[in-house]
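# Commentary on secondary and tertiary structure
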Amino acid sequence: MKASADLDPATVQSDGDIVHWLTHGTRDQRFLDNIFAEMCIRLQRAGIPVKRATLHLLIQHPQWLGARILWNDGMHEAEIARVDYDVMGRSEYIGSPANEIHDGAAQVRENLERDPGQGRRHAVYDEMRAQGLTDYVAWPLYHTLGKRHIVTFATDRPGGFEDAHIAALFKLLPMLALVSEIRMKNRLARSLLETYVGSHAGELILAGATRRGSGTTVRAAIMICDLRDFTRISDNWPRDDVIDLLNGYFDAMSEPIVRHGGEILKFMGDGLLAIFPLSEPRACANLLHAVAEARQAMLALNEKNGEAGRAPLNYGVGVHVGDVMYGNIGSRARLDFTVIGPAVNMASRLETLTKQVGKPVLLSRAFADLVKDEFALERVGEYPVRGFSEPIELFAYQG
């Protein structure tokens, strides 16, 4: 699509129109990639021959250093690619326009029509030449507190961008910076909440559930998992090895929980607390599927640790079902969004009993009754549980 040709004059916009649209017309658009794609289409309609554009963003995420938003001529939606933390040591980054901008360049401009031997050398320029592009420009996109991101534009117009095109693109940068920073901060808030309190709790907090004491009663299956002998391990192992061990253990346990619809509310030293709300009809079954997959992941982790000379990791899992209070608890200035109640206490007591009973996964009778027709369970008897007046009938699950 060459929007600069065969345009209906009534649709042609000026660069001032695009600045006005960025300022006033994007308020209801939540996603930056959609804004970026529409901006590029509007640039074409304004007669600026943009053929390719990218937005490179440094983000705060536990898994990713950044993201690249790519728009090509003819696309109505931009593509988003995540960027690994180790990218800066790879050839795709070293010597690239992004490298130059991050090192302090105020602009990178490359004439792609000239002899490649006379210009900058990097694979990205060869790729753009192969696509028939003739000119390329990259600028830093400044956010508050000196944070620098990158925006780039390329064209296939013979002779490249005219000076007026470059001036019009440069004029957009301050407003694009403001618009992008707002969306990034919104996404950052969501990412941090999802990372530290879980997706469902994060949504509730963003929706306004921030008052101490606010909450709701949720009927859920509760799972508490704890690593065995962690005190001995942390006392005798090097710090980095302990952290690596914990991360591997939590990956093995957590990923199946999330995959099957559970929500991890808390990591507690070497333990975790997760719930599967019964608003999902298959919640209890999903929990046991997650436990089975987690046990397989732990077997693989122990095999890997054994090859490195480490002792196998043992763990206990307690599972119960019941009503829990789900909400904000804490001091005036520091809150925790979590679950409390007798059902949580019961799950914790069952996890402790796994050491006494010698079974790694223990289920209460209340939970077992909801899944016994679908899963093979082993009755292990009735046991007194601290804090509860009557013995509790327990079942083991092998996975």
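Above: the structure in question.
Residues numbered from 1 in each chain as written. Predicted model: local features only at pLDDT ≥ 70, side-chain atom pairs only at ≥ 80, totals over all residues. Heavy atoms only, no water.

What follows concerns the overall build of the chain. If you tally the helices and strands in the chain, you get eleven helices and 14 strands. Split into buried and exposed, the 399 residues of the chain put 48% on the buried side. A separation threshold of at least 6 residues defines the contact pool for the chain, and within that pool the share at least 24 residues apart is 61%. For the chain, the computed accessible surface area is about 20,400 Å², with 51% contributed by carbon and sulfur atoms. (Helix = DSSP H or I, 4+ residues; strand = E, 2+ residues; numbered from the N terminus. Buried < 20%, exposed > 50% of the residue type's maximum accessible area, 1.4 Å probe, protein only. Contact = heavy atoms within 4.5 Å. Areas by Shrake-Rupley, 256 points an atom, 1.4 Å probe, with all protein chains shown as cover.)

A word on the nonpolar core. The biggest cluster of nonpolar side chains holds 43 residues, and the ones touching the most others in it are Y249, L287 and F367. Sort the elements by how many residues they give to this core and helix α9 (residues 283-307) lands first, with eleven residues. The contact partners of F367, leaving out residues within four places of it in the chain, are A221, C284, L287, L288, V319, H320 and V321. Residues F36, I48, V151 and M175 belong to the second largest nonpolar core, which totals 37 residues. (Core = buried A, V, L, I, M, F, W, Y, C linked by side-chain atoms within 4.5 Å.)

Next up on the list: the layout of surface pockets. One number sums up the size of the second largest pocket: a volume of about 710 Å³. Lining the second largest pocket are 34 residues, and of these H56, R68, E92, S96 and A98 lie nearest its centre. Considering only residue class, the lining of the second largest pocket consists of 17 nonpolar, ten polar and seven charged. (1 Å grid on protein atoms, 1.4 Å probe; cavity = no way out; pocket = protein on both sides within 12 Å on 5 of 7 lines; lining within 4 Å. Points joined across faces, edges and corners; volume = space filled by probe spheres on them. Nonpolar A, V, L, I, M, F, W, Y, C, P; charged D, E, K, R; others polar.)

A few words on the sheet that holds strand β2 (residues 66-72). Two pairing modes exist for strands in a sheet, parallel and antiparallel, and in both the strands are linked by backbone hydrogen bonds. The antiparallel open sheet is built from six strands, whose spatial order is β3-β2-β1-β6-β5-β4. The open sheet has two edge strands, β3 (79-83) and β4 (108-111), and neither has a second partner. Along the sheet, successive strands turn relative to each other by an average axial angle of 15°, direction set aside. Summarising the sheet, β2 and β3 pair through five bridges and their orientation is antiparallel. Pairing of L70 across the sheet is with E79, part of β3. Sheet strands touched by helix α2 (residues 32-45): β1 (52-58), β2, β3 and β6 (148-155). Its angle to β2, the strand with the most contacts, is close to 30°. (Pairing = 2+ DSSP bridges. Axes fitted to C-alpha atoms, helices over the stretch in contact; angles between N-to-C directions.)

Right, let's get into the packing of helix α8 (residues 239-259) against α9. As a packed pair, α8 and α9 sit with axes 8 Å apart at the nearest point and diverge in direction by 155°. Classified by the angle between their axes, α8 and α9 sit roughly antiparallel to one another. For the pair α8 and α9, the sense of crossing is right-handed. Here G248, Y249, A252, M253, P256, I257 and R259 of α8 come into contact with α9, specifically with A290, E293, A294, A297, M298 and L301. Of the residues contributing to the contact of α8 with α9, the split by class is ten nonpolar, one polar and two charged. (Parallel < 35°, antiparallel > 145°, perpendicular 65-115°, else oblique. Left-handed = near helix turned anticlockwise from the far one by under 90°.)

With the rule as written, the count across this model stands at six aromatic pairs. Note on W139 and F170: the rings are 5.5 Å apart at their centroids and 65° apart in plane angle, and the pair reads as edge-to-face. Residue W139 is found in strand β5 (residues 135-142), and its partner F170 is found in helix α5 (residues 163-197); the two are separated by 31 residues along the sequence. The class of W139 is buried, set by a relative accessible area of 1%. Overall, F170 belongs to the partly exposed group, its relative accessible area being 48%. Seen from their ring centres, Y249 and F250 are 4.9 Å apart, and the 40° between their planes marks the pair as tilted. On the basis of relative accessibility, which here comes to 12%, the residue F250 falls in the buried class. Aromatic rings pair up to connect W139, F153 and F170 into one cluster. (Phe/Tyr/Trp six-rings, centres within 6.5 Å; stacked < 30°, edge-to-face > 60°.)

The phi torsion of most residues other than glycine is negative, and most of the peptide bonds are trans. The phi torsion at L145 lies on the positive side, around 60°, for a residue other than glycine. Along the polypeptide, L145 turns up in the loop between β5 and β6. Residue class for L145 comes out exposed when judged on its relative accessible area of 84%.

A separate point is helix α4 (residues 123-130). Within the span of α4, buried status applies to V124, Y125, M128 and R129. Down the axis of α4, the buried set is contained in an arc of 140°. They therefore lie on one face. Those residues of α4 that are buried lie in contact with β1, α3 (97-102), β4, β5 and β6. In the segment just after α4, G132 is the residue with positive phi, at about 85°. (Arc of directions from axis to C-beta.)

Within the secondary structure layout, P158 lies in the loop between β6 and α5. Taking relative accessible area as the criterion, P158 reaches 65% and is therefore assigned exposed. For the pair formed by P158 and D135, sequence separation is 23 residues and the distance between their alpha carbons is 8.7 Å.

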